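Close look at the chain arrangement
Each chain, written out:
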Amino acid sequence: LATRLMSVLGVCIIFNSMVLLTTAIMQAHGHEKLPVVNMFVGGVIKVIVNYNLVAVPSINIDGAPIGTMVCYFTVMVLNMFWILKETKCKFGIVEYIVKPLFAGGIMGVVTYLLYNGLSAYSTVLALGGSISVAVFVYFAMLIVIRAFNEEDILMLPKGDRILKLFNKFHLI
């Protein structure tokens, strides 16, 4: 039971992280009250979803983490809406959502396959190997789909050197 519930809550980490990030952005731009209102709306939606899903015998307690996920997703969308509206900044969905999700999906598939292949030999080897390869695959996919621009690279430590290397191999 706990495994099922935690699996759904694991996805909530993504939305929760985005809520924290977008809340900080809104507060930095002087909109301290909007995230509170958005969280209230998300909380109301969570109660409604929980009430309706937990009452269904076939779903039961599995509805609680689903309600949490819907709550954080709602708050994230509301925060992003207000950020775009209030800051009037341009937000490229392909650059900031599609490309990282694609790279993450490829990384997830490779990691899953590697973990399952190595777990027959050793759990420690499977975990360590799959995590190490996951980092490499994600970074490599970001390079392949050209998710970096010069500004991104220059913000890294030794960014000027890394940029020269990227330019040398035509990775940007």
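What comes next is a walk through the structure. (Residues numbered from 1 in each chain as written. Predicted model: local features only at pLDDT ≥ 70, side-chain atom pairs only at ≥ 80, totals over all residues. Heavy atoms only, no water.)

1. Points about the environment of Tyr 112
With respect to the helices and strands, Tyr 112 occurs in helix 4 (residues 93-118). Using a relative accessible area of 56% as the deciding quantity, one classes Tyr 112 as exposed. Residues Tyr 112 and Ile 131, 19 residues apart in the sequence, show an inter-C-alpha distance of 9.9 Å. (Helix = DSSP H or I, 4+ residues; strand = E, 2+ residues; numbered from the N terminus. Buried < 20%, exposed > 50% of the residue type's maximum accessible area, 1.4 Å probe, protein only.)

2. Details of the packing of aromatic side chains
Two descriptors summarise a pair of aromatic rings, namely the distance from one centre to the other and the angle between the planes of the rings. In this structure the tally under the stated criterion is four aromatic pairs. On the numbers, 5.2 Å between centres and 75° between planes, the contact of Phe 15 with Phe 73 is edge-to-face. Of this pair, Phe 15 sits in helix 1 (residues 2-28) while Phe 73 is found in helix 3 (residues 63-87), placing the two residues 58 residues apart along the sequence. Ring geometry for Phe 139 and Phe 148: centres 5.6 Å apart, planes at 50°, overall tilted. Residue class for Phe 139 comes out partly exposed when judged on its relative accessible area of 41%. The rings of Phe 139, Phe 148 and Phe 166 are connected pair by pair, giving a single aromatic cluster. (Phe/Tyr/Trp six-rings, centres within 6.5 Å; stacked < 30°, edge-to-face > 60°.)

3. Re the packing of helix 1 against helix 3
Where helix 1 contacts helix 3, the two axes come as close as 8 Å, and the packing angle between them is 20°. Classified by the angle between their axes, helix 1 and helix 3 sit roughly parallel to one another. Between helix 1 and helix 3 the crossing geometry is left-handed. Its residues assigned to classes, the contact of helix 1 with helix 3 shows 20 nonpolar, five polar and no charged. (Axes fitted to C-alpha atoms, helices over the stretch in contact; angles between N-to-C directions. Parallel < 35°, antiparallel > 145°, perpendicular 65-115°, else oblique. Left-handed = near helix turned anticlockwise from the far one by under 90°. Nonpolar A, V, L, I, M, F, W, Y, C, P; charged D, E, K, R; others polar.)

4. Topic: the packing of helix 2 (residues 33-54) against helix 3
Between two packed helices, the angle of one axis relative to the other and the distance separating the axes together describe the packing. Where helix 2 contacts helix 3, the two axes come as close as 8 Å, and the packing angle between them is 155°. By the angle class used here, helix 2 and helix 3 are roughly antiparallel. Note that helix 2 runs across helix 3; the crossing there is right-handed. Classifying every residue of the contact of helix 2 with helix 3 by side-chain character gives 16 nonpolar, nine polar and two charged.

5. Considerations on the pattern of salt bridges
Counted by the stated rule, this structure contains one salt bridge. Where Arg 4 meets Asp 62, a salt bridge forms, and the shortest distance between an N and an O atom there is 3.1 Å. Here Arg 4 is found in helix 1, whereas its partner Asp 62 is found in the loop between helix 2 and helix 3, with 58 residues between them in sequence. Classification of Arg 4 as partly exposed rests on a relative accessible area of 48%. (Salt bridge = Lys/Arg side-chain N within 4 Å of Asp/Glu carboxyl O.)

6. What to know about unusual backbone geometry
The phi dihedral of Asn 60 falls on the positive side, at around 50°, and the residue is not glycine. The residue Asn 60 is located in the loop between helix 2 and helix 3 in this model. By relative accessible area, Asn 60 is classed as partly exposed at 42%. Notably, Lys 158 is not glycine yet its phi reads approximately 60°, a positive angle. Of note, Lys 158 is situated in the loop between helix 6 (150-154) and helix 7 (159-168).

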